[in-house]
Amino acid sequence: MKALLALFGAVQVVLGLLLWITPGFFFDEIGPYGVRNDHYMGDLATWYLALGAVTLVAVRRVDWRIPVLVLALAQNTLHAFNHLIDVNHAHPKWLGPANLISLVLTTLLLAWMLNAQRDPAR
């Protein structure tokens with residue numbers, strides 16, 4: 001569990017830093033949907049950085065794990081649903097399905113992690 005939490009937290013921090021420090025790269029290579037808006041990308045970066053930070057704290061603080069995983073699962077589920085709605089709006093087109101698949105897989109992993117954390121005997 002610690003390794004998965006650390007990996008998930010690190011990915012969130014990296015995404016947040018990419019959004020904040022290199023919004024052009026993020027928009028062009030990872031999230032090419034609609035019109036680029038650096039302010040909103042910065043706002044989104046703060047979410048990723050905060051989620052990454054609390055997830056990294058949860059690596060060591062066992063009592064934080066369930067609440068952090070519930071929040072991460074809820075956010076990732078909603079994020080995946082949003083990508084399902086916009087799956088055909090990415091440029092290039094292949095990024096829409098690729099982003100959706102990565103989000104669905106991450107959501108499934110988070111659900112598994114939450115279930116494992118709630119029932120450590122599994």
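Residues numbered from 1 in each chain as written. Predicted model: local features only at pLDDT ≥ 70, side-chain atom pairs only at ≥ 80, totals over all residues. Heavy atoms only, no water.

**Some thoughts on the nonpolar core**
Then comes step 1: If you look at the biggest cluster of nonpolar residues, it comprises 10 residues: Leu 5, Phe 8, Leu 51, Val 59, Leu 69, Ala 72, Leu 73, Leu 110, Met 113 and Leu 114.
Then comes step 2: Elements with a minimum of two residues in this core: helix H1 (2–21), helix H3 (38–60), helix H4 (62–85) and helix H5 (95–118).
Then comes step 3: When sequence neighbours within four positions are dropped, the list of residues in contact with Val 59 reads Lys 2, Leu 5, Ala 6 and Arg 65.
Then comes step 4: Of all hydrophobic cores here, the second largest spans seven residues; its members include Leu 19, Phe 27, Met 41 and Tyr 48. (Core = buried A, V, L, I, M, F, W, Y, C linked by side-chain atoms within 4.5 Å. Buried < 20%, exposed > 50% of the residue type's maximum accessible area, 1.4 Å probe, protein only. Helix = DSSP H or I, 4+ residues; strand = E, 2+ residues; numbered from the N terminus. Contact = heavy atoms within 4.5 Å.)

**Focus: the pattern of salt bridges**
Then comes step 1: According to the stated counting rule, one finds two salt bridges in the structure shown.
Then comes step 2: For Asp 38, the salt bridge goes to Arg 36, with nearest N and O atoms at 2.6 Å.
Then comes step 3: Note on Asp 38: relative accessible area 38%, which makes it partly exposed.
Then comes step 4: Across the pair Asp 63 and Arg 61 runs a salt bridge whose closest N-O atoms are separated by 3.2 Å.
Then comes step 5: Note on Asp 63: relative accessible area 53%, which makes it exposed.
Then comes step 6: With a relative accessible area of 39%, Arg 61 lands in the partly exposed category. (Salt bridge = Lys/Arg side-chain N within 4 Å of Asp/Glu carboxyl O.)

Keep in mind that these numbers describe shape and distance, not what the molecule does.
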